[in-house]
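Structure at a glance
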Amino acid sequence: MMAVVHATGLNTFFGKAAALVQSSHKKSHIHVILKAIGYFCILFVLAGCVAELITQFAIRGKPCTGVVDAECAPLNNMLVLVVGGLPIAMPTILSVTMALGASALAKKKAIVSRLTAVEEIAGMEVLCSDKTGTLTKNELSISNPVAYVGEVADVIFDAALASKPENGDAIDIAMVASCTDEQRELLKQFKTLHFQPFDPVGKKTVAKIQSPEGEVFHTTKGAPQVILGLAENGPKIRKSVLADIERLGQAGYRTLGVAVADKKVKRWTMTGLIPMFDPPRDDTQETIHRAENLGVEVKMITGDHLTIAKETARILGMGTNIFPAEYMKNADKARQDTGLDLHEIVRQADGFAEVFPEDKYTIVEKLQKGNHIVGMTGDGVNDAPALKKANIGIAVSGATDAARGASDIVLTKEGLSVIVDAIIGSRKIFQRMKNYCMYSISVCVRIVLTFGILTLAYDWYFPTIATVMFAIFNDGSMLTISKDRVKPSPKPEMWNLLEIFGTAIALGTYLSASTIILFHLAVYTDTFENWFGLDQLSYADARGLIYLQVSVSGLATVFVTRAQGFSWMFWRERPGLRVIIAFCIAQAAATVLGAYGLGGFPSDGATDFNGSGWWWVLVAWIWCFIWFWPMDIIKFVVRSVMRGEVNLFSHRFSVSMQLIHGQPQVGATPETTTYEQTVITNLASKMKRRFRRHKHADAESEAMNVDDRHKDLDVVEAATASKAAQKR
């Protein structure tokens with residue numbers, strides 16, 4: 001046997017596919033967010049430590065003769081900032097949250113193969129979905145074939161010879177099932193010498209058959225445009241074939257071309273067309289509607305003829321703005337036919353027909369260049385590059401090992417509903433992670449500002465062991481946020497770092513002010529003694545009070561960050577039971593420590609931790625309760641300002657640059673306005689109108705004053721002229 005080798009290795013089709021898979025590197029968005037938060041917290045803690053070093057050693061001249069608290073209190077106090085300020089537990093908590101989310105998705109028949117995909121699918125804006133088996137049932141029924149050569153029965157029989165139903169292919173099974181009993185008995189007398197299964201590139205099956213008489217010939221079935229291109233009689237019947245494809249396609253039928261050839265495969269003859277109907281899934285139309293309501297645009301990607309794709313889209317209630325995939329290879333033709341460039345076509349298209357596997361990669365690439373978060377479904381070896389390239393590669397049920405290996409999520413159930421369920425679950429996970437990130441940043445700001453200012457302004461130190469206990473209790477409680485009860489966003493999620501950092505810094509600063517004011521009133525004034533008969537606290541006794549107040553108000557911040565509206569409206573956004581129980585346990589322990597302390601430990605005279613007593617414990621709880629209520633207003637105002645929704649001044653303050661999933665975007669769409677945001681916006685509008693009225697009134701008053709001065713001058717001039725006339 002002789003053969004001509006055209007390419008080897010990476011130059012072959014599969015080699016190029018492997019190269020594309022290897023060249024596609026996904027950068028996890030959550031890693032970008034973690035890095036940004038980590039850098040911020042490190043720099044903030046470092047700034048606090050430098051301030052303490054300069055103040056305590058350079059200005060106050062504090063001694064440092066060892067490493068224990070008594071020998072070097074300023075240096076050990078910096079550990080308070082490091083231990084309390086750095087979000088050490090963040091990677092663990094976020095990983096646990098994503099792992100539990102992956103477990104929940106697995107119960108929905110979506111297996112997560114890359115953990116960070118749990119977060120990324122929450123931001124998916126475009127889903128490029130296969131038609132067959134995903135939007136449709138993949139249960140084919142055969143209609144009346146069209147014969148161009150021979151009889152209709154011969155067309156079906158030739159197609160059955162080019163089938164191998166034992167492979168489980170739906171088309172092959174349908175071809176054999178459509179034969180009569182007599183034809184099925186006759187099939188057993190034909191011997192298949194070689195069978196080439198369907199592949200997405202050739203888009204056909206080919207069988208080498210030996211008849212009972214010993215005659216060897218070939219038969220093939222596949223995409224009609226492919227079969228028509230092979231056939232020697234193609235030019236003669238081309239017009240009729242295309243007309244039949246168009247007619248059947250408008251009726252919703254998918255067509256299959258059939259051809260036969262001699263032993264040497266030199267002369268193919270197209271014998272006919274077989275129309276097949278693949279009914280849509282019962283839930284597909286509703287599922288697509290659900291996806292659109294979630295802000296996800298579903299684009300149909302199919303290898304079928306353009307007419308069939310449009311008819312299927314019409315039946316499913318999708319848009320029918322579907323383009324042929326040949327535009328992906330010929331941008332000039334695309335511009336000539338549509339007047340649009342390729343990027344605009346990909347953005348506006350509701351789907352693509354007659355798609356080859358390499359076209360999927362191009363579609364994903366163009367969408368990503370348009371700053372879209374793209375999901376792609378696939379099942380074949382040649383789909384692997386597109387699955388790897390997509391932000392979220394989804395291998396559908398029955399996919400090959402190569403497709404599964406390149407994907408981020410593997411579906412074990414057919415249909416689009418599994419993907420929509422995964423989107424909803426992922427958005428809940430995203431909410432939990434976003435809430436925790438905001439809480440962690442606020443804790444960092446609060447710890448550094450609170451204990452930094454208390455040290456710099458009052459020369460007051462906090463024991464490191466108390467900070468460790470604080471971190472254990474509160475960070476341990478935060479593990480329960482991975483099972484918190486949250487509402488999924490009605491649109492794709494995004495990491496808006498301006499909003500997250502702005503809100504967290506404002507809340508952390510506010511809580512720092514609450515602690516510093518309480519410390520000053522309890523230690524340096526007789527306010528509580530005059531009002532409630534409580535004695536002033538010493539530095540050692542105040543440590544129990546401050547520990548409790550920082551613990552309660554700090555952990556309570558998570559109730560503010562997790563709620564889109566007012567956090568105290570539990571009936572609207574009730575926290576998960578696990579979160580509430582963990583909060584109660586952690587703060588019960590903090591209450592006992594606040595009341596009794598550590599018995600004066602470490603007894604070094606600089607950081608002794610005494611309890612403040614139960615009456616001061618009550619004061620701390622009431623103080624936290626009072627300062628808790630305005631936190632929602634701060635959250636609403638800062639959030640609205642960072643989104644550019646509220647303008648409190650005469651000039652417009654707008655925020656156009658937002659960090660979305662680690663990618664800078666311009667003019668990102670703000671989230672849906674809530675009742676609370678409406679209240680804040682209306683309040684701001686009233687303030688602006690009042691400011692403008694005052695400004696207008698001042699202008700009118702100034703104008704009246706000018707007129708009065710002019711009148712006075714006229715009177716003076718008239719009097720002067722009268723006196724001059726009298727003298728004359």
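Note that the structure is a prediction, hence the values are computed from the model and not measured. (Residues numbered from 1 in each chain as written. Predicted model: local features only at pLDDT ≥ 70, side-chain atom pairs only at ≥ 80, totals over all residues. Heavy atoms only, no water.)

**A look at the overall build of the protein**
What counts here: Labels follow the DSSP assignment, with helices taken as runs of H or I lasting at least four residues and strands as runs of E lasting at least two, numbered in each case from the N terminus. Note on exposure labels: buried denotes an accessible area under 20% of the residue type's maximum, exposed denotes more than 50%, and partly exposed covers the range between, all computed with a 1.4 Å probe on protein chains only. Should any heavy atoms of two residues lie within 4.5 Å, those residues are considered in contact. Surface exposure here means Shrake-Rupley accessible area, sampled with a 1.4 Å probe, where a residue is shielded only by the protein chains that are shown.
Counting its secondary structure elements, the protein contains 26 helices and 17 strands. In the protein, which comprises 728 residues, the share counted as buried stands at 50%. Nonlocal contacts in the protein, meaning residues at least 24 apart in sequence, comprise 71% of its contacts between residues at least 6 apart. Roughly 33700 Å² of accessible area belongs to the protein as shown, and the carbon and sulfur atoms make up 59% of that amount.

**As for the packing of helix H3 (residues 73-85) against helix H18 (residues 417-458)**
Using the following cut-off: To define axes, lines are fitted to C-alpha atoms, for helices over the stretch in contact only, and angles between the resulting N-to-C directions are given on a 0 to 180 degree scale. Reported orientations rely on four angle classes, namely roughly parallel under 35 degrees, roughly antiparallel over 145, roughly perpendicular from 65 to 115, and oblique for the rest. Two helices crossing with the near one rotated counterclockwise from the far one by less than a right angle form a left-handed crossing, whereas a clockwise rotation gives a right-handed crossing. Note on residue classes: Ala, Val, Leu, Ile, Met, Phe, Trp, Tyr, Cys and Pro are nonpolar, Asp, Glu, Lys and Arg are charged, and everything else, Gly too, is polar.
Axis separation between H3 and H18 bottoms out at 8 Å; the angle between their running directions is 165°. It follows that H3 is roughly antiparallel to H18 by the angle criterion. Both H3 and H18 take part in a crossing whose hand is right-handed. Together, Asn-77, Val-80, Leu-81, Gly-84 and Gly-85 of H3 and Val-443, Cys-444, Ile-447, Val-448, Phe-451, Gly-452 and Thr-455 of H18 make up the contact between the two elements. Residue composition of the contact of H3 with H18, grouped by class: 7 nonpolar, 5 polar and no charged.

**Some details on the UniProt feature "transmembrane region" (unreviewed entry) in the protein**
What counts here: UniProt positions are given in the numbering used here, feature names are shortened, and annotations may be inferred rather than shown by experiment.
Per the UniProt record, the feature "transmembrane region" (unreviewed entry) sits at residues 36-59, 79-106, 436-454, 460-479, 500-524, 544-565, 577-601 and 613-634. Structurally, residues 79-106 comprises 86% helix and 0% strand, and the distance from its first C-alpha atom to its last is 42 Å. This span, residues 500-524, is 100% helix and 0% strand, and a straight line between its end C-alpha atoms measures 36 Å.

**Observations concerning the side chain of Gln-56**
To be explicit about the condition: For this analysis, a polar contact is any N or O atom pair within 3.5 Å, provided that within protein one partner can donate a hydrogen and the other can accept it, and provided that sequence-adjacent residues contribute only side-chain to side-chain pairs.
Among the secondary structure elements, Gln-56 is positioned in helix H2 (residues 29-59). Judged by relative accessible area, Gln-56 falls into the buried class, the value being 0%. Looking at Gln-56, its side chain comes within polar contact range of the side chain of Tyr-461, at 2.5 Å.

**So, a nonpolar patch on the surface**
Which entries qualify depends on this criterion: Candidate patch residues must exceed 30% relative accessible area and have no salt bridge, after which like charges are joined if within 9 Å and Val, Leu, Ile, Met, Phe, Trp or Tyr side chains if within 5 Å. Salt bridge, as used here, is a side-chain nitrogen of Lys or Arg placed within 4 Å of a carboxyl oxygen of Asp or Glu.
A surface patch of nonpolar side chains, about 640 Å² in accessible area, is lined by Leu-43, Leu-46, Val-50, Leu-53, Ile-54, Ile-59 and Leu-75. For the nonpolar patch, the element with the most residues is H2, which contributes 6 residues. Turning to its location among the elements, Ile-54 is positioned in helix H2. Using a relative accessible area of 45% as the deciding quantity, one classes Ile-54 as partly exposed.

**Quick word on the packing of aromatic side chains**
Here is the rule: The rule is short: rings of Phe, Tyr and Trp, with Trp giving its six-membered ring, pair when the centres are within 6.5 Å, and they are stacked under 30 degrees, edge-to-face over 60, tilted in between.
As enumerated under the stated definition, the model contains 29 aromatic pairs in all. Ring centres 6.3 Å apart and planes at 50° place the aromatic pair Phe-462 and Phe-609 in the tilted group. Within this pair, whereas Phe-462 is found in the loop between H18 and helix H19 (464-477), its partner Phe-609 is found in the loop between helix H23 (577-596) and helix H24 (614-628), the two being separated by 147 residues in sequence. Of the two residues, Phe-462 and Phe-609, both sit in the buried class.

**With respect to the sheet that holds strand S15 (residues 409-411)**
The cut-off we apply is this: Strand pairing is assigned whenever DSSP identifies at least 2 bridges connecting the two strands.
Across the sheet, 8 strands lie side by side as S1-S15-S14-S13-S2-S10-S12-S11; this open sheet has mixed pairing. Two strands close off the open sheet at either side, each with one partner strand: strand S1 (110-112) and strand S11 (322-324). Neighbour-to-neighbour, the strand axes of the sheet open up by a mean angle of 20°, direction not taken into account. Strand direction decides the pairing type here: strand S13 (residues 374-378) and strand S14 (residues 392-395), joined by 4 bridges, are parallel. Bridge pairing links Met-376 to Gly-393 in S14.

**Focus: the environment of Leu-193**
With respect to the helices, strands and loops of the structure, Leu-193 is situated in strand S5 (residues 191-196). With relative accessibility at 40%, the residue Leu-193 sits in the partly exposed group. Expressed as a C-alpha distance, the spacing of Leu-193 and His-218, which sit 25 residues apart in the sequence, is 9.8 Å. Once you skip the residues sitting within four places of it in the chain, Leu-193 turns out to touch Lys-208, Gln-210 and Val-216.

**A word on the side chain of Ser-514**
With respect to the secondary-structure elements, Ser-514 resides in helix H20 (residues 497-524). A relative accessible area of 0% means that Ser-514 is categorised as buried. Not counting the four nearest positions on each side in its chain, Ser-514 is found in contact with Arg-446, Gln-549, Trp-623 and Trp-627.

**Details of the nonpolar core**
The criterion, for reference: Grouping buried Ala, Val, Leu, Ile, Met, Phe, Trp, Tyr and Cys residues that are joined through side-chain atoms within 4.5 Å yields what is termed a nonpolar core. These domain limits were set by an automatic method or by a database of domain assignments.
Of all hydrophobic cores here, the largest spans 114 residues; its most connected members are Tyr-436, Phe-451, Trp-460 and Tyr-547. Here this core takes 20 residues from H18, the largest share from any one element. Residues lining this core come from more than one domain, with at least three contributed by each of domain 1 (29-87 + 442-643) and domain 2 (124-136 + 281-412). Not counting chain neighbours up to four residues away, the residues in contact with Trp-460 comprise Phe-451, Leu-454, Thr-455, Phe-519, Tyr-539, Ala-542, Arg-543 and Ile-546.

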